[in-house]
Amino acid sequence: MLKIESAEVIIVRLPLKFRFETSFGVQTEKVVPLLVLHGHGLEGVAEGTMEAAPMYREETITGALHLLKAVFLPRILGKTFANPEALYDALGDFRGNKMARAMVEMAAWDLWARTLEVPLGQLLGGRKEKVEVGVSLGIQSDEQATVDIVRRHVEQGYRRIKLKIKPGWDIQPVRAAREAFPDIKLTVDANSAYTLADTGRLRALDEYDLVYIEQPLAWDDLPDHAELQKRIRTPLCLDESVTSAQDARKALAMHAGGVINLKVSRVGGHAEARRVHDIAASFGAPVWCGGMLESGIGRAHNIHLSTLPNFKLPGDTSSASRYWEQDIINEPLEAADGLMPVPSGPGTGVSLNREFIARIAELHEEQHA
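Residues numbered from 1 in each chain as written. Predicted model: local features only at pLDDT ≥ 70, side-chain atom pairs only at ≥ 80, totals over all residues. Heavy atoms only, no water.

A. Fine view of the overall build of the chain. Secondary structure assignment for the chain yields 12 helices and 15 strands. In terms of C-alpha radius of gyration, the chain reaches 20 Å, essentially the compact-globule figure of 21 Å for 369 residues. Taking the principal axes of the C-alpha coordinates as reference, the chain spans close to 60 × 40 × 35 Å. Put simply, the chain has 369 residues, and 59% of those count as buried. In the chain, the share of contacts with a sequence separation of at least 24, taken over all contacts with a separation of at least 6, comes to 73%. (Helix = DSSP H or I, 4+ residues; strand = E, 2+ residues; numbered from the N terminus. Rg over C-alpha atoms; globule rule 2.2 N^0.38 Å. Buried < 20%, exposed > 50% of the residue type's maximum accessible area, 1.4 Å probe, protein only. Contact = heavy atoms within 4.5 Å.)

Here it is as structure tokens:
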């Protein structure tokens, strides 16, 4: 049984070590919402991946904080649940807002795994001790800069290179990277920046032996993805379009893509992520774990989820030191030769650096039953 006794809501702001440009715009820092659930003398922690503005999906940090404090936490504080799925069911009559609900569910999974004294990945059904890691590289100033940054990460051992693209900056960086590195696993991510009118440009990418093209079309348009997939050889990978196992089933059944970028917060938490994983496996479609510039808390959750067997492609769980001068957890999360060790302790296996958080927190509130 899982009793939720109290909660903390924390906001920190972390400067990125580099300028990260996508078709959405440029990011130089990350605002990190954290939820800590207390029970049984232990704590479970999760991270929100929504942004200040609704660019990726419709959720925002401001909206999520209101829902957590005014709606979701009052439903669970002081109550006892059979498991994290039962806790999530207590929020089941609320529509949407999956990233906010995922914070509650994921913190509950961490707490439950700690009460059972087992690693989270093992509790989810994973068995890997290390997971394959790729890297996501933002839009660079020119082709040479693209080749240079790809080279640095190839030399660091990353097992897949993903380039961000947008209309007007797609064939050039891909061609440059492929000519310089003919044998690497290379992918691109469009973040919904194209339409079917761009089919010719996307079809031209077929020449560069990409593993997949990620989310080229609108986040809510599976039919056009299915039409595009008919017109090009390169497999499409769906990201924003899949927010549930039902979405995954429909997308794969209509051949809207052949790969799924599985982000646990986007689908509402670990239980639904596991269902998406299983649906994809039943279609023979591999999944991989996407990233949202997470701190060590979200990164650790992603690593544990990636231990499930159908995570057959390298994910975005690259070394934390790529992003931050100092992370908010005590334990290092560092890949070697393209492999990220899975934290071995109970739950996520990582812990908050409370001293650092006390210095940088922009919000820190406690809530009781």
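Now that the structure has been shown, the text picks up again.
B. Quick peek at the pattern of salt bridges. In the structure shown here, the tally under the stated rule is 27 salt bridges. Measuring nitrogen to oxygen at the nearest pair gives 2.7 Å for the salt bridge that ties arginine 13 to glutamate 29. Highlighted residues: arginine 13 in strand S2 (residues 6-22) and glutamate 29 in strand S3 (residues 25-39), separated in sequence by 16 residues. By relative accessible area, which is 33% here, glutamate 29 ends up partly exposed. Between glutamate 214 and lysine 162 there is a salt bridge; the shortest N-O distance is 3.1 Å. Of this pair, glutamate 214 sits in strand S10 (residues 213-214) while lysine 162 sits in strand S8 (residues 161-164), and the two are 52 residues apart along the sequence. (Salt bridge = Lys/Arg side-chain N within 4 Å of Asp/Glu carboxyl O.)

C. Spatial organisation of the sheet that holds S8. Strand order across the open sheet formed by 7 strands is S7-S8-S9-S10-S11-S12-S13, with parallel pairing between neighbours. Of all the strands in the sheet, the pair left with one neighbour each is strand S7 (135-137) and strand S13 (287-289). Inspection of the sheet shows S10 paired to strand S11 (residues 236-238) by 2 bridges, in the parallel sense. Its bridge partner being in S11, glutamate 214 is matched across the sheet by cysteine 237. Sheet strands touched by helix H10 (residues 270-282): strand S12 (259-262) and S13. Its angle to S12, the strand with the most contacts, is close to 170°. (Pairing = 2+ DSSP bridges. Axes fitted to C-alpha atoms, helices over the stretch in contact; angles between N-to-C directions.)

D. Representation of helix H6 (residues 171-180) in the model. A large share of H6 lies buried, amounting to 7 of its 10 residues. Those residues of H6 that fall on the buried side of the exposure criterion are Ile171, Gln172, Pro173, Val174, Ala176, Ala177 and Arg178. In this fold, the buried residues of H6 make contact with helix H5 (143-155), S8, strand S9 (186-189) and helix H7 (199-204).

E. Representation of the packing of aromatic side chains in the model. The final tally for this structure, using the stated rule, is 4 aromatic pairs. Relative to phenylalanine 94, the ring of phenylalanine 72 has its centre 5.7 Å away and its plane inclined at 45°; by these criteria the two rings are tilted. With phenylalanine 72 in helix H1 (residues 61-76) and phenylalanine 94 in the loop between helix H2 (84-89) and helix H3 (98-116), this residue pair connects regions lying 22 residues apart in the sequence. Look at tryptophan 109 and tryptophan 112: their rings are 5.9 Å apart centre to centre, the planes differ by 70°, and that puts the pair in the edge-to-face class. Of this pair, tryptophan 109 and tryptophan 112 both sit in helix H3, 3 residues apart, roughly one helical turn. One Lys or Arg, arginine 160, reaches over the ring of tryptophan 288 and ends 5.0 Å from the middle of that ring. Sitting over the face of the ring of tyrosine 323, arginine 322 holds its NZ or CZ atom 4.9 Å from the ring centroid. (Phe/Tyr/Trp six-rings, centres within 6.5 Å; stacked < 30°, edge-to-face > 60°. Lys NZ or Arg CZ within 6 Å of the ring centre and 35° of its normal.)

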